[in-house]
Structures are given as C-alpha cells and as structure tokens.
Amino acid sequence: MNGFSQIAGADIVTVLQTALAPAFLLVGIGAMLNLFASRLARIIDRSRDLQELFKSTKGPDHDLVVAELGDLQLRIKIVNSAIFLSVISAIIACGLIGLLFIMEMTGVDLSLVVAIAFVVAISLLSVALVQFLREVRVGIRDFMIREEYLERSDRRK
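The model shown is predicted, which means the values in this text are computed figures rather than measured ones. (Residues numbered from 1 in each chain as written. Predicted model: local features only at pLDDT ≥ 70, side-chain atom pairs only at ≥ 80, totals over all residues. Heavy atoms only, no water.)

Some points on helix α2 (residues 20-56)
Here is step 1 of the chain: An ideal rise of 1.5 Å per residue puts 54 Å on 37 residues; α2 measures up with 55 Å between its terminal C-alpha atoms.
Here is step 2 of the chain: Those residues of α2 lying buried are Pro22, Leu25, Ile29, Met32, Phe36, Leu40, Ile43, Ser47 and Leu50. (Helix = DSSP H or I, 4+ residues; strand = E, 2+ residues; numbered from the N terminus. Expected span 1.5 Å × (residues − 1). Buried < 20%, exposed > 50% of the residue type's maximum accessible area, 1.4 Å probe, protein only.)

This is the structure we're talking about:
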C-alpha cells in the first residue's frame with residue numbers, strides 16, 4: 001500500500017466515525033416515524049368508526065361523536081405535521097452525512113454548513129416531538145371516561 005492510500009484510508013475511517021452521529025439520528029427518526037405512522041393509522045381507524053356512528057346517533061351522543069370527530073381531525077393534522085418535520089429532519093441528516101464526505105474528499109471547509117445542518121435537523125426533530133406531545137394530549141382528552149360510566153358513590157372508602 002502506498003502512502004497516499006494509507007492516508008486516504010485513515011481519512012475515510014475518520015469520516016465514517018464522524019458520520020455515526022447523524023446515522024444514529026436517522027435511526028431514531030426512523031423509529032419515531034414508525035410510531036407516528038402507527039398513531040395516524042389508529043386515528044384514521046377511529047375516525048372511520050365514528051363516521052359510521054354519526055349516521056345513527058342523536059342528541060347528546062351525536063354531539064359527543066361530532067366533538068370527537070373534530071378532535072380526531074385536529075390529531076390528524078398534528079401527527080401529519082410531526083411526520084413532515086421528522087422527514088425533513090431525516091433528509092437534512094442524510095445531507096449532513098453527504099456533506100461530511102464531500103468535506104473530507106475535497107478538502108473544502110464546510111464546518112459551518114455542517115454545524116448549521118445539524119442544528120436545523122435537531123430543531124426540526126424537537127418541534128416534531130412537541131407536535132407528538134400535543135397529539136397525545138388531545139388523544140388523552142378524548143379518552144376521558146364519561147361520568148355516567150364511572151358509577152361513583154358519594155362515599156369514599
């Protein structure tokens with residue numbers, strides 16, 4: 001092996017080690033996207049069930065179905081935005097890995113671009129997590145058990 005290939009091999013190893021952080025970020029985003037897609041599927045299934053109930057309910061039960069459908073529509077929008085933000089974050093993380101290789105292969109200092117890309121990817125991911133938290137909060141609000149089903153007594157044991 002000549003001297004140049006030894007140096008190039010060492011540089012590639014360094015780049016690969018540096019690229020591990022964005023690669024792990026991609027793995028985490030992938031897991032989150034799976035979670036978000038599962039939540040979205042469950043919300044859609046519930047909305048289809050309620051749309052069928054909509055036709056057969058009247059009075060207070062109908063009002064509850066309408067209210068929950070409104071919340072489900074909100075949850076769909078929130079989860080969709082979390083998915084969108086996560087995918088953009090993943091695309092930036094992929095670009096970040098590419099930038100690291102370009103930087104190493106060309107010798108051009110792209111450190112500032114790399115740092116900005118990483119901050120943007122993490123920021124988008126953070127906003128996606130906030131959106132997920134919002135969706136969970138709305139979902140829990142919808143899941144509250146109606147008072148008439150609790151059969152509470154006046155006495156506490």
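This is not the end of the story, as more comes after the structure.
Quick look at the nonpolar core
Here is step 1 of the chain: In this structure, Leu25, Phe36 and Val79 are the most contacted members of the largest nonpolar core, which totals 20 residues.
Here is step 2 of the chain: Elements that contribute at least two residues to this core include exactly α2, α3 (59-106) and α4 (111-142).
Here is step 3 of the chain: Counting residues per element, this core draws most heavily on α3, which supplies nine residues.
Here is step 4 of the chain: Those residues in contact with Phe36 that lie beyond four places of it in its chain are Val79, Ala82, Ile83, Ser86, Ala128 and Phe132.
Here is step 5 of the chain: Ranked by size, the runner-up nonpolar core spans nine residues in total, among them Val15, Leu96, Ile97 and Leu99. (Core = buried A, V, L, I, M, F, W, Y, C linked by side-chain atoms within 4.5 Å. Contact = heavy atoms within 4.5 Å.)

Let's talk about the environment of Leu124
Here is step 1 of the chain: Mapped onto the secondary structure, Leu124 falls in helix α4.
Here is step 2 of the chain: A relative accessible area of 19% places Leu124 in the buried class.
Here is step 3 of the chain: Leu124 sits 34 residues away from Ala90 along the chain, and the two C-alpha atoms are 9.3 Å apart.
Here is step 4 of the chain: Not counting the four nearest positions on each side in its chain, Leu124 is found in contact with Leu85, Ile88, Ser89 and Ile92.

Notes on the pattern of salt bridges
Here is step 1 of the chain: On inspection of all chains with the given rule, the structure shows five salt bridges.
Here is step 2 of the chain: Between Lys55 and Glu52 there is a salt bridge; the shortest N-O distance is 3.5 Å. Of the two residues, Lys55 and Glu52 both sit in helix α2, three residues apart, roughly one turn of that helix.
Here is step 3 of the chain: Residue Lys55 is classed as exposed on the basis of its relative accessible area of 63%.
Here is step 4 of the chain: For Glu52, a relative accessible area of 51% gives the class exposed.
Here is step 5 of the chain: Between Arg141 and Asp71 there is a salt bridge, with the nearest N and O atoms lying 2.9 Å from each other. (Salt bridge = Lys/Arg side-chain N within 4 Å of Asp/Glu carboxyl O.)

Section: the side chain of Ser86
Here is step 1 of the chain: Mapped onto the fold, Ser86 is located in helix α3.
Here is step 2 of the chain: Looking at Ser86, its side chain comes within polar contact range of the main-chain oxygen of Ala82, at 2.9 Å.
Here is step 3 of the chain: With sequence-adjacent residues up to four places away left out, Ser86 is seen in contact with Ile29, Met32, Leu33, Phe36, Leu125 and Ala128. (Polar contact = N/O pair within 3.5 Å; in protein donor to acceptor, adjacent residues only side chain to side chain.)

Structural measurements only, silent on function.
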